[in-house]
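Next come the chains, spelled out residue by residue.
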Amino acid sequence: MNTTKRIEYIDALRGFTMTLVVTGHIFSDCFMQDYLRGNILSYYHFFGIFRLPLFLFISGFVFYKADRYWDLSSLKKFITSKVRVQLFSTLVFFLLYCWLFQKGIIRTLFDIHKSGYWFTYALFIYFVLYIGIDITICRIKRISPFSNYTIIASVFIGLLLYYLINNGFMLTILTPRLTSLFSISKWQFFIFFSFGCFIHKYYDYFLKCQNYKYVKDGLILLFVCFSICILYHHNNNIHIYNYIYLLGLIAALLGILLVMLFFKANETHLSNSTTLGGSLQYIGKHTLDIYFLHFFFLPYNMSFVGKWLEINPNPLLEFCMSLTLAIIVIVFCLLVSRIIRLSPTLAYLLFGAKHN
């Protein structure tokens, strides 16, 4: 397939996923009720099965380019641009956030979540890890980048990291401060980044397979079964509990495939010429801006909503309220983004826009 041409439904998928991320943060950072956290019928737990994995999957899908070649010049150019955006820009917004919300910089920096700013930091590590695997294999096998060997090796290492982190091994060989500083627990999501590269490399095969009879039926059935197991894992079943992370991995991969198949099947309705498609694609093309900015606009201290939902549990109403607030936050982020981008220098430094 042509990897240089943008796929419209993938941009729409990016916008959808970014909307889900902000919606999830409305729940976790604004409502913050123990009942909602423990209620298996809460929308948060259902979308949580595949929301973050899908976001990282798309990052890997977009990262993959079949014609990319790692010589000294291209490697330096790529790493420099990623350092500027993934590290420098993240640090600027992180420091500004800590200052405005009066959070201790050192304490927050050594927190695993880093007040939400762990994602671009971890994504930079994924880039370095994947490139390292790619270059190593290319030198050993003397083949071009993004070969089958690289894809297989990255998926294998991703699975290994996922297993070692979830069973606690990686978190015990390092000190707590180091694991928090480097957000080691977030490295488990490298498998979804690698899976994105895998699907993009074999995209044509993916399209053929999804047309086979009963493939979609099987995916839906399996996803429902694994999701039910995860949502009810707290029922004192020790065997299931001990391996819930493996069930989570399978359910997340199934969820990713189903969402992607859904968007592929409806790509005509998600084109840039439609209102829904155009809106989602616009959000999808500005995910970095929204990610950096949305923490400043989240309606914190809305625990009264969570208390009301605790008394009047309604997952559908909970989701609609969270989604409405998320859309409002996204609109504000896009407005501020447009203002910042009026300055080419600020757009270059903060959002990685091309500098003329």
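How each quantity is defined
- Residues numbered from 1 in each chain as written.
- Predicted model: local features only at pLDDT ≥ 70, side-chain atom pairs only at ≥ 80, totals over all residues.
- Heavy atoms only, no water.
- Disulfide = S-S within 2.5 Å.
- Buried < 20%, exposed > 50% of the residue type's maximum accessible area, 1.4 Å probe, protein only.
- Helix = DSSP H or I, 4+ residues; strand = E, 2+ residues; numbered from the N terminus.
- Expected span 1.5 Å × (residues − 1).
- Polar contact = N/O pair within 3.5 Å; in protein donor to acceptor, adjacent residues only side chain to side chain.
- pLDDT = per-residue confidence, 0-100.
- Contact = heavy atoms within 4.5 Å.
- Phe/Tyr/Trp six-rings, centres within 6.5 Å; stacked < 30°, edge-to-face > 60°.
- Lys NZ or Arg CZ within 6 Å of the ring centre and 35° of its normal.
- Lys, Arg positive; Asp, Glu negative; His and termini not counted.
- Salt bridge = Lys/Arg side-chain N within 4 Å of Asp/Glu carboxyl O.

Asker: Before we go on, may I ask you to explain the state of the cysteines in this structure?
Answerer: Disulfides are covalent bonds that connect the sulfur atoms of two cysteines. A complete count under the given rule lists zero disulfides for this structure. With no disulfide of its own, Cys30 lies 12 Å from the sulfur of Cys333, the closest cysteine sulfur. Cys229 supplies the cysteine sulfur nearest to Cys225, a cysteine that is in no disulfide, at a spacing of 7.1 Å. Judged by its relative accessible area of 39%, Cys225 is partly exposed.

Asker: What exactly am I supposed to notice about helix α19 (residues 315-340) here?
Answerer: The end-to-end C-alpha distance of α19, which contains 26 residues, comes to 37 Å, matching closely the 38 Å that a straight helix rising 1.5 Å per residue would cover. Turning to α19, its buried residues number three or more, namely Glu318, Phe319, Ser322, Ala326, Val329, Ile330, Cys333, Leu334, Ser337 and Ile340. Where α19 begins, one side-chain oxygen reaches toward the backbone nitrogen of Leu316, 3.2 Å away; that side chain belongs to Asn314.

Asker: Would you take a moment to explain the confidence of the model for the protein chain for this structure?
Answerer: Looking at the protein chain as a whole, its pLDDT mean stands at 86, while 90% of the residues score no less than 70. Put simply, helix α14 (residues 238-242) is where the protein chain has its lowest mean pLDDT, 48, and helix α17 (residues 287-297) is where it has its highest, 95. Below pLDDT 50 for its whole length, residues 235-241 participates in three contacts with residues either more than four positions away or in separate chains.

Asker: Just to check I follow, could you spell out the packing of aromatic side chains for this structure?
Answerer: The description of an aromatic ring pair uses the distance of the two centres, along with the angle that the planes make with each other. Scanning all chains against the criterion turns up 48 aromatic pairs. Between Phe101 and Phe296, the aromatic rings sit 6.4 Å apart at their centres with planes inclined by 45 degrees, giving tilted as the arrangement. Of this pair, Phe101 sits in the loop between α5 (72-100) and α6 (105-109) while Phe296 sits in helix α17, and the two are 195 residues apart along the sequence. For Phe101, a relative accessible area of 31% translates into the label partly exposed. Here Phe296 falls in the buried class, since its relative accessible area comes to 17%. The aromatic ring of Phe110 is capped on one face by Arg177, whose charged end is 3.9 Å from the ring centroid. Of note, Lys201 hangs over the ring of Tyr202, and the distance from its end group to the ring centre comes to 5.8 Å.

Asker: Would you mind showing me how to read the side chain of Arg84 here?
Answerer: Tracing the backbone through its elements, the reader meets Arg84 in helix α5. Nearest to the buried, unbridged Arg84 among oppositely charged side chains is Asp289, at 11 Å. A distance of 2.7 Å separates a polar atom in the side chain of Arg84 from the backbone oxygen of Tyr348. Every residue in contact with Arg84, bar those within four places of it in the chain, is listed here: Ser89, Tyr348, Leu349 and Gly352.

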